[in-house]
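# Architecture and fold: a report
Each chain, written out:
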Amino acid sequence: MTDKFISKSLLLVISLFFFSSCAYYNTFYNAKKYFESAQNKPLTNRNKPSSAAIEEYNKVIKKCGIILTDYKDSKWADDALFLLAKALYYRGNNELQAMEKLEDLLKFYPDSPFIPEAHLLMAQITYDLNRKADAFKMLQEFIQRVEFKDLHPKALVLISDYYIREKNYIDAQFYLRLLIEKYSDSKEYPNAFFLLGKTLFDNNDFSASLKVFNDLNSSRIDRSIKLSAQYYIGYNQFNLKQYDEAWKTVKKLLKAEFRENELPRIAVLKARILVENGQYEAGIKELEEVIRVNPR
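Residues numbered from 1 in each chain as written. Predicted model: local features only at pLDDT ≥ 70, side-chain atom pairs only at ≥ 80, totals over all residues. Heavy atoms only, no water.

Take the overall build of the protein next. Scanning the protein from N- to C-terminus turns up 14 helices and 0 strands. When the elements of the protein are put in sequence order from the N terminus, they spell out α-α-α-α-α-α-α-α-α-α-α-α-α-α. Radius of gyration (C-alpha) of the protein: 24 Å, far over the 19 Å computed for a compact globule of 296 residues. For the C-alpha atoms alone, the extent of the protein along its principal axes is close to 95 × 40 × 35 Å. (Helix = DSSP H or I, 4+ residues; strand = E, 2+ residues; numbered from the N terminus. Rg over C-alpha atoms; globule rule 2.2 N^0.38 Å.)

In structure tokens form, the structure reads like this:
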């Protein structure tokens, strides 16, 4: 009887552990799916997550909360904590909460494989909170850390983008060329080329920028980057007074563009081309439609 009782008890313990692990896995699996779905939804024309995306981020936050409450001692708890921080950040208006979760990750899970990504996200939040000097310092230090070398290309793209926003094109080009020279096999390589073309555009070097974006458009790259490159091809053509070519580019782009937040600026470029071609009424009508659809 004793041996049977022990066997049954052991079987019960194993069963409980198995079902508990399954419950944890299913909860986390669903949280990841919701996060991926939210990330794949286009931003609104104000560059904010859509209501559908926010709803899915909320589901991620709820499920990660369950994991961190009911399975806080699990070896996968750091996965849930990092996913929670990302969901809070990308949902919008939760930068401080997201930063708090990232600090918890660094404090309680110093050996987590998500530590490098957490440092990058902390730099992004720091920049968004208008502590720009601190953000640049964090990224520059990140690039110097050998243990973070796998994410150096991502950090280089990020710091270049921030320098562009600050209109510091010399430093931006320095970091972009560093990435292009050292990490040609990285997935960030296309982003580096895109940003290089943008710095040339912002410096009014439209011919050089057009060449960069044409080269980028001819390569095998992510659809979103390709469409953004096509926008700058049309914009460069417009600035170079190649209005017929710009018109062809914009017409094709309007048919291909799937991101709602990108449509207004394409429509504005279309209106400017119409005006330069003497079609004033059509250009004004196009601008009025942009205002109507985007009242804010």
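On we go from here.
So, about helix H4 (residues 95-108). A rise of 1.5 Å per residue sets the reference length of H4, with its 14 residues, at 20 Å; its end C-alpha atoms lie 20 Å apart and thus fit the reference within 8%. Regarding H4, the residues found buried are Ala-98, Met-99, Leu-102 and Leu-105. Buried residues of H4, viewed axially, fall in a sector of 115 degrees; they line one side. Set apart from the buried face of H4 by more than 90 degrees, the exposed residues are Leu-96, Lys-107 and Phe-108. (Expected span 1.5 Å × (residues − 1). Buried < 20%, exposed > 50% of the residue type's maximum accessible area, 1.4 Å probe, protein only. Arc of directions from axis to C-beta.)

Looking at the largest pocket, its volume works out to about 2600 Å³. In this structure, the largest pocket is lined by 49 residues; those nearest its centre are Leu-43, Tyr-90, Gln-124, Asp-161 and Arg-165. Broken down by secondary-structure element, the contributors of at least two residues to the lining of the largest pocket are helix H1 (2-40), helix H2 (51-70), helix H3 (77-91), helix H5 (115-128), helix H7 (152-165), helix H9 (189-202) and helix H11 (223-239). Of all the elements, H7 adds the most residues to the lining of the largest pocket, at 7 residues. Classifying every residue of the lining of the largest pocket gives 22 nonpolar, 10 polar and 17 charged. The computed volume of the second largest pocket comes to approximately 170 Å³. Phe-28, Lys-32, Phe-35, Glu-36, Asp-79, Phe-82, Leu-83, Lys-86 and Phe-114 together form the lining of the second largest pocket. Of all the elements in the fold, those that place two or more residues in the lining of the second largest pocket are H1 and H3. (1 Å grid on protein atoms, 1.4 Å probe; cavity = no way out; pocket = protein on both sides within 12 Å on 5 of 7 lines; lining within 4 Å. Points joined across faces, edges and corners; volume = space filled by probe spheres on them. Nonpolar A, V, L, I, M, F, W, Y, C, P; charged D, E, K, R; others polar.)

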